[in-house]
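Fold and contact review
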Amino acid sequence: MIRAIIFERYKKVLIAACLLVIGVGVFNALTENKQWKMIYHEPHAKENFEKNRAGITYWDEKTEKNVHYTSYHQFQKAQLEFYHSDSGGFETLEASNYSEKTFYYSNFSTYFNGALLLLVPLLGFLLFFIDQKTAFNHYLFSLGCSRKILFQSKILYVALPFLLVTLISQFVYALLIHALIPAPYMTATLGQLVTSIISHSSLLFFLFCAGTFIGSMVGNVFFGPLTLFVFLFLRSWLPNAIYSLSDIINLVKGSSHSSLPRTLFVDSVGKNGGNMLVNCILVVVGLLLIFWTYQKFQSLSLENDNAYLLHKESRWPIWGMMTLFTSFVLIFNFFNPWMIFLTNRMSRIDTSISQPILSTVLVTLIVAGICGLILFFGEVTKHLAKTLNKFNHQMR
């Protein structure tokens, strides 16, 4: 019975979401192939190259100079190679050439390359949030079925099929793009694309679990979705914050070269293979969030539907997570006082260490205060009202 109810409730949305995810994969592959063909069949490309040859250069890492292309063929090959390394300059990249420490990028992309990074956590969020706000939970809880079975049914009949289709969509994209781009210009092997899919899927799994966790914990119709989008915004900057912290550690050690490759997180399928340790961490953290969600679903109260946080007993650990995560991204990505301090020291500019310490403490305290106000808003307003009334009474 539960299976039939869950299927009837979600089938249209689930089918639409699955078709959308598959469509994104097909659309990206066909669009990128179209972009590639436009450059390949450009009728005036050679003529324009010869006309502007003196101004067309590339940066050579070995000589550290801008160098002219030796021929149109060299220039065309540089433009048509699907994936390039971030080493800079013109360097023939064979499909078999790969290094985990090298970041690879494509000149051919669409605005929908990162669509799954939004769609997947959004569906995870709505999986529990919509039922809470439409009172469907009241109906489910009245069936007399255990909440354990209700939770498992949502995961088994909605979440897993969607995640499976998400994985299929990535394979569809990889197979299409690998088949559509001719071999000399497709500078990634099918194996490299599959490895990239594994890393990208690990990230998507984590984002889905995080979205599910947020959707099951919040109840406010405005601040609930806002929390998800703030999290996704900060998550998009998390890799840069981690890389920045790595650079700071290396500067403290006296080295200006980062030992941490810029390939730990794979935001889209491509030549980058990611890092297996990071993938495992993402999956484990995602499973822990799902387990936390499962535990709290067993004791979910229907009395606090409009509260920001549905589980009051979780406010302090949630406050700690929000404060640490937000402060880390802000300190090491947006403000980065320690990088400024160390750079000034290397440039022999006199700078006091109290400045980055003060900035770090100040940002952390402000974030902690804002997060505390959001989570304990009711208690804070009651305390302020009580204090104000007491003060007014004394003044009289």
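I will try to describe carefully the structure that is included in this document. These numbers were taken from a predicted model, which means no experiment stands behind them.

**Concerning empty space enclosed by the protein**
Following the criterion strictly, the structure yields 2 cavities of 30 Å³ or more and no others. The computed volume of the largest cavity comes to approximately 130 Å³. As for the largest cavity, its lining consists of V24, G25, N28, F112, N113, L116, S169, Q170, Y173, H200, S268 and V269. Listing elements by their share of the lining of the largest cavity, those giving two or more residues are helix 1 (2–40) and helix 6 (147–180).

**Description of the packing of aromatic side chains**
The geometry of an aromatic ring pair is captured by two quantities: the separation of the ring centres and the angle between the planes. Taken as a whole and assessed by the stated rule, the structure comprises 30 aromatic pairs. Ring geometry for W316 versus F376: centroids 4.8 Å apart, planes at 45°, classification tilted. Here F376 lies in the loop between helix 12 (354–375) and helix 13 (377–395) and W316 lies in helix 10 (residues 315–335), a separation of 60 residues in the sequence. By relative accessible area, which is 58% here, W316 ends up exposed. Taken together through their ring pairs, the aromatic side chains of F128, F141, F151, F291, Y294 and F297 make up a single cluster.

**A few points about the pattern of salt bridges**
Within this structure, the stated rule accounts for 8 salt bridges. R235 is paired through a salt bridge with D267; the nearest N and O atoms lie 3.7 Å apart. With R235 in helix 8 (residues 223–253) and D267 in the loop between helix 8 and helix 9 (276–297), the pair connects residues that are 32 residues apart, well separated along the chain. Overall, the relative accessible area of 5% leaves R235 in the buried class. Here K296 makes a salt bridge to E313, at a shortest N to O gap of 3.2 Å. Of the two residues, K296 sits in helix 9 while E313 sits in the loop between helix 9 and helix 10, which places them 17 residues apart along the sequence. Bridged by salt links that share partners, the residues R9, D131 and K154 form one connected network.

**Brief notes about the packing of helix 7 (residues 190–217) against helix 8**
Direction vectors running N to C along helix 7 and helix 8 enclose 155°, while the axes themselves pass 10 Å from each other. The orientation of helix 7 relative to helix 8 falls into the category roughly antiparallel. Crossing handedness for the pair helix 7 and helix 8: right-handed. Where helix 7 abuts helix 8, its residues L203, F206, L207, A210, G211 and I214 lie against G224, T227, L228, F231, L232 and R235.

**Concerning the packing of helix 7 against helix 9**
Contact pair helix 7 / helix 9: the axes reach a minimum separation of 8 Å and the direction vectors enclose 25°. Judged by the inter-axis angle, helix 7 sits roughly parallel to helix 9. The two elements helix 7 and helix 9 meet at a crossing, and its hand is left-handed. Among the residues forming the contact of helix 7 with helix 9, the class breakdown is 16 nonpolar, 8 polar and 1 charged.

**Digging into helix 1**
Spanning 39 residues, helix 1 covers 55 Å between terminal C-alpha atoms, matching the ideal 57 Å at 1.5 Å per step. Within helix 1, the axis deviates most sharply at Y10, by approximately 55°.

**Regarding a nonpolar patch on the surface**
Together, L164, L167, I168, F171, L175 and L190 make up a nonpolar patch on the protein surface, roughly 490 Å² of accessible area in all. Take the nonpolar patch: its biggest share by element is 5 residues, from helix 6. Summarising the element assignment, F171 is placed in helix 6. Relative accessible area serves as the criterion here: at 32%, F171 is assigned to the partly exposed category.

Here is what the cut-offs are and how they apply
- Residues numbered from 1 in each chain as written.
- Predicted model: local features only at pLDDT ≥ 70, side-chain atom pairs only at ≥ 80, totals over all residues.
- Heavy atoms only, no water.
- 1 Å grid on protein atoms, 1.4 Å probe; cavity = no way out; pocket = protein on both sides within 12 Å on 5 of 7 lines; lining within 4 Å.
- Points joined across faces, edges and corners; volume = space filled by probe spheres on them.
- Helix = DSSP H or I, 4+ residues; strand = E, 2+ residues; numbered from the N terminus.
- Phe/Tyr/Trp six-rings, centres within 6.5 Å; stacked < 30°, edge-to-face > 60°.
- Buried < 20%, exposed > 50% of the residue type's maximum accessible area, 1.4 Å probe, protein only.
- Salt bridge = Lys/Arg side-chain N within 4 Å of Asp/Glu carboxyl O.
- Axes fitted to C-alpha atoms, helices over the stretch in contact; angles between N-to-C directions.
- Parallel < 35°, antiparallel > 145°, perpendicular 65-115°, else oblique.
- Left-handed = near helix turned anticlockwise from the far one by under 90°.
- Contact = heavy atoms within 4.5 Å.
- Nonpolar A, V, L, I, M, F, W, Y, C, P; charged D, E, K, R; others polar.
- Expected span 1.5 Å × (residues − 1).
- Bend = angle between axes of the 7 residues up to and from the residue.
- Patch = residues over 30% accessible without salt bridge, like charges linked within 9 Å, V, L, I, M, F, W, Y side chains within 5 Å.
- Areas by Shrake-Rupley, 256 points an atom, 1.4 Å probe, with all protein chains shown as cover.

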